[in-house]
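Notes for the structure review
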Amino acid sequence: MQAPAAAERNKGPILAVLREYAGPGAHAEPGGLRVSTPGRCAGFGSACSGCWWGGCAGRAGNAPAGVDVEFGACSIAAYTEAMRVPNVLPPILLDVSQGWETWGGTQPATLDLLVSINMMHIAELRCTEGLFKGAGVLLKPGGVLFTYG
């Protein structure tokens, strides 16, 4: 399976930090919410096997209309199956510029960790605002929003 060179280069440092917060029994939602690589979701799940991971794929604000967002979700599912990672939940499609209520049924105060990779620097401000609003509702007390890129 192919992975972008940049994703391979920064995988180790990101994983080192995530391991501090993804302890046994933790429920995390990884995925760059817009451009994360599917291999990251499966890779994080494999490396942090003591917690549950859920991948996200979708549109951030005004992403080009021709972008096939379902491809990202299918790709996450394919990587997870190929790598035989049992602790990665089926991916959801979402738009972070929309309210957290539209984020695949995730309930308030149920996440220990929310991971956003490579979204904020390319998306509209309303997407970053939506991410922070959603994190404020969906993270458990003491939960962590981890952002990179």
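The structure presented is a predicted model; accordingly, all values stated were derived computationally and were not measured. (Residues numbered from 1 in each chain as written. Predicted model: local features only at pLDDT ≥ 70, side-chain atom pairs only at ≥ 80, totals over all residues. Heavy atoms only, no water.)

Quick word on the overall build of the chain
- What the chain contains, in helices and strands, is four helices and five strands.
- Going residue by residue from the N terminus, the α and β elements of the chain occur as α-β-α-β-α-β-β-α-β.
- Within the chain, the proportion of its 149 residues that are buried is 46%.
- For the chain, long-range pairs separated by at least 24 residues make up 80% of all intrachain contacts whose partners lie at least 6 apart in sequence.
- Accessible surface computed for the chain: about 7,400 Å², of which carbon and sulfur atoms make up 57%. (Helix = DSSP H or I, 4+ residues; strand = E, 2+ residues; numbered from the N terminus. Buried < 20%, exposed > 50% of the residue type's maximum accessible area, 1.4 Å probe, protein only. Contact = heavy atoms within 4.5 Å. Areas by Shrake-Rupley, 256 points an atom, 1.4 Å probe, with all protein chains shown as cover.)

Quick look at the pairing of strand β5 (residues 139–148)
- Across six bridges, strand β4 (residues 111–117) lies against β5 in parallel orientation. Across the sheet, residue Leu-111 finds its bridge partner in β5, namely Leu-139.
- Between β4 and its parallel partner β5, the chain crosses via helix α4 (residues 125–138), and the hand of that crossover is right-handed. (Pairing = 2+ DSSP bridges. Right-handed = clockwise from strand over helix to strand, strands pointing away.)

Notes on the environment of Pro-108
- Along the chain, the position of Pro-108 falls in the loop between β3 (88–94) and β4.
- With a relative accessible area of 37%, Pro-108 lands in the partly exposed category.
- Taking the C-alpha atoms as reference points, Pro-108 and Gly-134, separated by 26 residues in sequence, lie 8.9 Å from one another.

Some remarks on helix α1 (residues 5–21)
- With 17 residues, α1 extends 25 Å between its outermost C-alpha atoms, agreeing within 8% with the 24 Å of an ideal straight helix rising 1.5 Å per residue.
- The largest bend along α1 reaches roughly 45° and is located at Lys-11, with the proline Pro-13 sitting one to four residues downstream.
- All of the buried residues in α1 are Ala-7, Asn-10, Ile-14, Leu-15 and Leu-18. (Expected span 1.5 Å × (residues − 1). Bend = angle between axes of the 7 residues up to and from the residue.)

Re unusual backbone geometry
- The phi torsion at Ala-109 lies on the positive side, around 55°, for a residue other than glycine.
- The residue Ala-109 is located in the loop between β3 and β4 in this model.
- By relative accessible area, Ala-109 is classed as partly exposed at 39%.
- At Asn-118, a residue that is not glycine, the phi angle is positive and equals roughly 55°.

What to know about the side chain of Ser-97
- Along the chain, Ser-97 falls in the loop between β3 and β4.
- On the basis of relative accessibility, which here comes to 18%, the residue Ser-97 falls in the buried class.
- Among the polar contacts listed, one links the side chain of Ser-97 to the side chain of Asp-95, at a separation of 2.6 Å. (Polar contact = N/O pair within 3.5 Å; in protein donor to acceptor, adjacent residues only side chain to side chain.)

Looking at the confidence of the model for the chain
- Per-residue pLDDT for the chain has a mean of 77; in total, 78% of the residues score no lower than 70.
- Per-element mean pLDDT across the chain ranges from 63 in strand β1 (residues 27–29) up to 93 in α4.
- Throughout residues 31–35 the model reports pLDDT below 50, and contacts reaching past four residues in sequence, or to other chains, amount to 25 contacts. (pLDDT = per-residue confidence, 0-100.)

Let's talk about the nonpolar core
- Ranked by size, the top nonpolar core spans 20 residues in total, and within it Leu-18, Phe-44, Trp-53, Leu-113 and Val-115 carry the most contacts.
- At the level of secondary structure, the elements contributing two or more residues to this core comprise α1, α2 (38–47), α3 (69–82), β4 and β5.
- In this structure, Val-96, Met-119, Ala-135 and Leu-139 belong to the second largest nonpolar core, which totals 14 residues. (Core = buried A, V, L, I, M, F, W, Y, C linked by side-chain atoms within 4.5 Å.)

Some thoughts on α4
- Its 14 residues give α4 an end-to-end C-alpha distance of 20 Å, which sits within 8% of 20 Å, the value for a rise of 1.5 Å per residue.
- Along α4, the residues classified as buried are Cys-127, Thr-128, Gly-130, Leu-131, Gly-134, Ala-135 and Leu-138. Each buried residue of α4 lies within a common arc of 160° when the element is viewed along its axis, so the set occupies one face. In α4, the exposed positions that point more than 90 degrees away from the buried face belong to Leu-125, Lys-133 and Gly-136. (Arc of directions from axis to C-beta.)

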